[in-house]
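Topology and contacts: notes
Here's the letter readout for the chains.
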Amino acid sequence: MILPTKHLATDRSLLYIGGELLELLARPRTVSSLWHALNENRKKREEMSVITYDWFILGLDFLYGLGVVTFTEGLLRRKEAHK
Amino acid sequence: MDAHTQAFYRLKFQNTFLRLKGNGFQELFGDIMSRRYPGDFVRTRPWGAHGDRKNDGYLRSERTLFQVYAPNEMSASETVKKIEADFAGALPHWKDFFAIWVFAHNAMDGLGPDVLQCLLDLGRRNSDISVRQWGYEALEECVLALRQQDLEAVLGYAPDARAVNNVRSADLIKVLETIAQTDVAAGSDIKPVSVDKINKNSLSDDSVHYIRMGQRKSSLVRGIFNSFTDPLRAERIVQSFRTKYMDLKLQGLTSDRMLSELIRFTGGYSEGKSGPVEAQRHEAAVAATLAFLFESCDIFEDPKTGEEV
């Protein structure tokens, strides 16, 4: 489910969704705002698959597990890499 | 009858022949012969204390008496005993009416030497009676001589070109939902589809026809997979199919037989009570599903790179 497979399209894999979410977190967002932004982003491109809220949350779990996002004071933020 | 329909009936007959035993096989034999020789073939059935008097069917015009035998497992000694008992049991009742005695059986790969010897000895000891055996090939010949309406009565409705053209997403979704789903981890390598896969697997012309028929609509299946709200549902369906294939492979079945069993596993060869149009579309949807899964799954063998097939 993290990587695409023969029957799991690339844009439905958690890796792809994670990347998409990170892009959308160019600024801090609430969970609902991020969910809304993801749907708007996908609507703009016809070829993109629809994903459910459950799958969106799994995408967030994936990013959180990798340690690349934080959730504080009600906002999701990209964790900046240490220089 | 188009080539796809014929191929479907040959595949279905083979599957039915292999599946049915005992009374079920005898029923099939009677159905085929009654339609092949209407008004000429007479079915018999046990009648109270008299039983069937060792008569499982009589073809009047040929003065031929049939004895049908379709055990779960055919052992040489039991079969020889059966032949001798049935022939001896038929003589007192039917001797004046038959010149040919046929032992009709369900051994797909032919009879063993002991059984053949028994039949030959029987013929030698009864020179006025021709003793014969009918196996798969003889019965298939009768089936293929049936008119389409009789084939439909015996083996159900087959998809034709029009039914395949009329397959819609809703038909495919119904088929996909019948495939058992198991919880398995996702993950198969993304492999390109092998163009020569059909040729590599020694599939008969009938099987090839069946798959090529399904390929006309197999692309619809990909669209349905991508539309599932649960992204892993497609992988679960495919894995169930893959597991079934491996199970069949371990049984040492031929490629044709595996395909036939996979058709049944996918919901094909249905004997439901739906009308002809619905039944044909359902079989066409099964063929499309199977063609898609054949192209994209890790089932059957892929030719090696550069291999000439």
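Here is what the cut-offs are and how they apply
Residues numbered from 1 in each chain as written. Chains lettered and ligands numbered in written order. Predicted model: local features only at pLDDT ≥ 70, side-chain atom pairs only at ≥ 80, totals over all residues. Heavy atoms only, no water. Helix = DSSP H or I, 4+ residues; strand = E, 2+ residues; numbered from the N terminus. Buried < 20%, exposed > 50% of the residue type's maximum accessible area, 1.4 Å probe, protein only. Areas by Shrake-Rupley, 256 points an atom, 1.4 Å probe, with all protein chains shown as cover. Axes fitted to C-alpha atoms, helices over the stretch in contact; angles between N-to-C directions. Parallel < 35°, antiparallel > 145°, perpendicular 65-115°, else oblique. Left-handed = near helix turned anticlockwise from the far one by under 90°. Contact = heavy atoms within 4.5 Å. Nonpolar A, V, L, I, M, F, W, Y, C, P; charged D, E, K, R; others polar. Pairing = 2+ DSSP bridges. Core = buried A, V, L, I, M, F, W, Y, C linked by side-chain atoms within 4.5 Å. Patch = residues over 30% accessible without salt bridge, like charges linked within 9 Å, V, L, I, M, F, W, Y side chains within 5 Å. Salt bridge = Lys/Arg side-chain N within 4 Å of Asp/Glu carboxyl O.

Scanning chain B from terminus to terminus reveals 14 helices and 5 strands. Residues counted as buried form 46% of the 309 residues belonging to chain B. With the model as given, the accessible surface of chain B reaches about 15200 Å², and the carbon-plus-sulfur share is 48%.

Residue and element names in this part refer to chain B. The interhelical angle for the contact between helix α3 (residues 76–94) and helix α4 (residues 113–125), taken along N-to-C directions, is 20°, at an axis separation of 9 Å. One way to sum up the angle between α3 and α4 is to call them roughly parallel. When you trace α3 past α4, the crossing you get is right-handed. Taking contact as the criterion, the partners of A76, T79, V80, I83, E84 and F87 in α3 are, on α4, D114, V115, C118, L119 and L122. Across the contact of α3 with α4, the residue classes tally to 8 nonpolar, 1 polar and 2 charged.

Here the focus is the sheet that holds strand β5 (residues 130–134) of chain B. By way of backbone hydrogen bonds, the strands of a sheet pair with one another, either parallel or antiparallel. Residues and elements named next belong to chain B. One open sheet accounts for 5 strands, arranged β1-β2-β3-β4-β5; its pairing is mixed. Across the chains shown, the open sheet's two edge strands, defined by having one partner strand only, are β1 (41–42) and β5. Against the sheet, α3 touches β3 (64–69), β4 (100–105) and β5, its axis set at about 145° to β3.

All names here are of chain B. Along the chain, the position of V286 falls in helix α14 (residues 276–296). When the C-alpha atoms of V286 and K95 are compared, they prove to be 49 Å apart, with 191 residues separating the residues in sequence. With sequence-adjacent residues up to four places away left out, V286 is seen in contact with V175, Y210, I263, T266, G267 and G268.

A separate point is the nonpolar core. F13(B), F29(B), W134(B), Y210(B) and F225(B) are the most contacted members of the largest nonpolar core, which totals 66 residues. If you tally residues by element for this core, the top one is α14(B), at 10 residues. When near neighbours in sequence (up to four residues on either side) are disregarded, F225(B) contacts H7(A), R12(A), L176(B), A234(B), I237(B), V238(B) and F292(B). Among the nonpolar cores identified, the runner-up in size contains 18 residues, and I17(A), L24(A), A37(A) and L60(A) belong to it.

Turning our attention to a nonpolar patch on the surface. A cluster of nonpolar residues, M1(A), I2(A), L3(A) and L15(A), forms a patch on the protein surface that exposes about 350 Å² of accessible area. On the secondary structure map, L15(A) appears in helix α1 (residues 14–24).

A separate point is the pairing of strand β2 (residues 75–78) of chain A. Residue and element names in this part refer to chain A. Two strands pair when backbone bridges link them, and strand β1 (residues 69–72) and β2 are joined in this way by 4 bridges, in the antiparallel orientation. Along β2, the bridge assignment pairs T72 with L75. Hairpin geometry of β1 and β2 is characterised by an intervening segment of 2 residues between the two adjacent antiparallel strands and by a positive phi of about 50° at E73.

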